[in-house]
Amino acid sequence: MATDIKDTAHPVEAAALLALLPTRPRILALGEPTHGEETLLDLRNELFRQLVEEHGYRTIALESDCLAGLLVDDHVTSGTGTLDDVMEHGISHEWGAFEGNRELVRWMRSHNAGRPAAERIRFAGFDGPLEITAAASPRQALTALHAHLAERVDPGLLPCTAETLDRLLGTDERWTDPAAMLDPARSVGRSAEAGRLRLLADDLATLLDTQLPHLVATSSPDEWDRARLYARTATGLLRYHHAMADASPARMTRLVSLRDQMMAGNLLALAERGPVLVHAHNSHLQRYMSSMGMWEGPVAWWSAGALVGARLGEEYAVVATALGTIRHKGVDTPPPDTVEGLLYALPEDRCLIDPRRLTTALGTTRPAPRTSPWFGYAPLDPAHLEDSDALVFVKDAGERGGDEETPA
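Residues numbered from 1 in each chain as written. Predicted model: local features only at pLDDT ≥ 70, side-chain atom pairs only at ≥ 80, totals over all residues. Heavy atoms only, no water.

Let's shift gears to the pattern of salt bridges. Taken as a whole and judged by the stated rule, the model has 26 salt bridges. For Asp127, the salt bridge is made with Arg259, and the minimal N-O distance between the two is 2.5 Å. Separated by 132 residues along the polypeptide, Asp127 in strand E4 (residues 122–127) and Arg259 in helix H13 (residues 251–271) bring together distant segments of the chain. For the residue pair Asp127 and Arg259, the accessibility class agrees, reading buried in each case. Three or more residues joined by partner-sharing salt bridges are found here, namely Glu46, Arg49, Glu99, Glu103 and Arg106. (Salt bridge = Lys/Arg side-chain N within 4 Å of Asp/Glu carboxyl O. Helix = DSSP H or I, 4+ residues; strand = E, 2+ residues; numbered from the N terminus. Buried < 20%, exposed > 50% of the residue type's maximum accessible area, 1.4 Å probe, protein only.)

Here is the structure:
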């Protein structure tokens, strides 16, 4: 058995990874079982370098605020802003503090220096401007969308003025009240103003579509991409706030589903400009239904990866990552009858696994599910090994990682 399992392992290299896939994917998704472990960020960075330098990849997308990520993209493509500033304001969830993310942005800027625009690599956040605990005001997305249209179309076509949007939005604190997550009655998502804003956001997004030929002709490719991002984000945030005000038992399922729908829309848009490496929690990228225990009970939803995979088929590939130990979090050597335990017995510190060959090597043996003593680490589900196109196994995480909860 051990010999057969060993034969399924490959070096963790981009060429070996792509060789496991039936076709070159438009979206190559690299999942992680926990956030903030520098060992995993270093591995991601090395894979991205290889994908850029040897396989023509030009974009990396992280599980981070899509609007804030524009600051990082401007920095890596044109040098706008300082590294310290973009790490603080351009990557959400406080993940800009992780050295691996800082090194990624530093390397991308260095790589792009002196290169023509067509050869520059790009950065994107693909999460909405929200977390499980709160959501941003739709102001930034709505006003930016309105401004883009106001500069290019007949004023009579606009559904409202900028002043009307400002009046209906009110103060941003109304939207970002953290108490709204635990108390739906505190949310403004079903107020009369929010209802009016949802209609106006839909009208503005529709205007973007109906004026497509003119807008494409009068916008740069980046301006057009950003206008579409503003439209997706404005409508998505208003849906999310509407769901936050829902007091029904389906409330949390709706919220996590809407978040991943926004993620999926952003990934599909990014894939239009070329192959993308995506890095996020496994639960946002897997093809099978995601689940998580929350204060209101368990929730289950279709992840961004499941939504994208249903549309792209083999042009979406997902690589799940598993860890042996995270000793500084109390996650010690995995039991030998788990997937992680079987892989931990391999001599390599990290390896790339073909899940189909692994399943064949296991035969009728079905590994036991691993239980994590730390809520921030999600072990592999042995029942879904073949739902990933590849597995990356890292034997031991270092002790430089952060304290972020999982999934974000």
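Still more to cover.
What follows deals with the nonpolar core. Counting residues in each nonpolar core, the largest one holds 46 residues, and the members touching the most others are Leu28, Phe48, Met108 and Phe123. With seven residues, the single largest contributor to this core is helix H3 (residues 38–55). Three or more residues apiece are contributed to this core by two domains, here domain 1 (1–57 + 278–399) and domain 2 (60–127). Not counting residues up to four positions away in its chain, the partners in contact with Met108 are Phe48, Ile60, Val76, Ile121, Arg122 and Phe123. (Core = buried A, V, L, I, M, F, W, Y, C linked by side-chain atoms within 4.5 Å. Domains from an automatic or database assignment. Contact = heavy atoms within 4.5 Å.)

Turning our eyes to something else, we now look at the domain arrangement of the protein chain. One frequently used descriptor of interface size is the decrease in accessible area upon assembly of the parts. In terms of domains, the protein chain is made up of domain 1 (1–57 + 278–399), domain 2 (60–127) and domain 3 (135–259). The C-alpha-based centres of domain 2 and domain 3 are spaced at 25 Å. Residue-level contacts link nine residues of domain 2 with eight residues of domain 3. Carbon and sulfur atoms make up 49% of the area that domain 2 and domain 3 hide from each other, which totals about 720 Å². Viewed at the interface, domain 3 and domain 2 are joined by five salt bridges. The partner of Glu63 in a salt bridge is Arg259, and the shortest N-O contact between them spans 3.7 Å. There are three residue pairs in polar contact (both at pLDDT 80 or more) connecting domain 2 and domain 3. Taken together, the elements giving at least two residues each to the side of domain 2 that touches domain 3 come down to helix H4 (69–78) and E4. (Buried area = accessible area lost by both parts, 1.4 Å probe. Polar contact = N/O pair within 3.5 Å; in protein donor to acceptor, adjacent residues only side chain to side chain.)

Before going further, it helps to spend a moment on the environment of Glu193. For Glu193, the position within the fold is in helix H10 (residues 192–210). With a relative accessible area of 32%, Glu193 lands in the partly exposed category. It is 59 Å that separates the C-alpha atoms of Glu193 and Ile5, two residues lying 188 residues apart in sequence. Excluding residues within four positions of it along the chain, Glu193 makes contact with Leu168 and Arg174.

Buried residues of helix H8 (residues 162–169): Leu165, Leu168 and Leu169, and no others. Buried residues of H8, viewed axially, fall in a sector of 100°; they line one side. Facing away from the buried side of H8 by over 90 degrees, the exposed positions are Glu163 and Arg167. Downstream of H8 by a residue or two, Gly170 has a phi angle that is positive, lying close to 65°. (Arc of directions from axis to C-beta.)

Here the focus is the packing of aromatic side chains. Under the counting rule described, the total for this entry stands at two aromatic pairs. Aromatic side chains Phe48 and Trp107 sit 6.1 Å apart centroid to centroid with 80° between the ring planes, which places their arrangement in the edge-to-face category. Within this pair, whereas Phe48 is found in helix H3, its partner Trp107 is found in helix H6 (residues 99–112), the two being separated by 59 residues in sequence. Of the two residues, Phe48 and Trp107, both sit in the buried class. Sitting over the face of the ring of Trp107, Arg49 holds its NZ or CZ atom 5.7 Å from the ring centroid. Over the ring of Tyr344 we find Lys395, and its NZ or CZ is 5.3 Å from the ring centre. (Phe/Tyr/Trp six-rings, centres within 6.5 Å; stacked < 30°, edge-to-face > 60°. Lys NZ or Arg CZ within 6 Å of the ring centre and 35° of its normal.)

A separate point is the pairing of strand E6 (residues 290–294). Residues Ser290, Met292 and Met294 point to one face of E6 and are all buried, whereas Ser291 and Gly293, pointing to the other face, are not buried. Here five bridges tie E6 to strand E7 (residues 297–301), and the two strands are oriented antiparallel to one another. Across the sheet, residue Met292 finds its bridge partner in E7, namely Val299. The antiparallel hairpin formed by E6 and E7 contains two residues in its connecting segment. (Pairing = 2+ DSSP bridges.)

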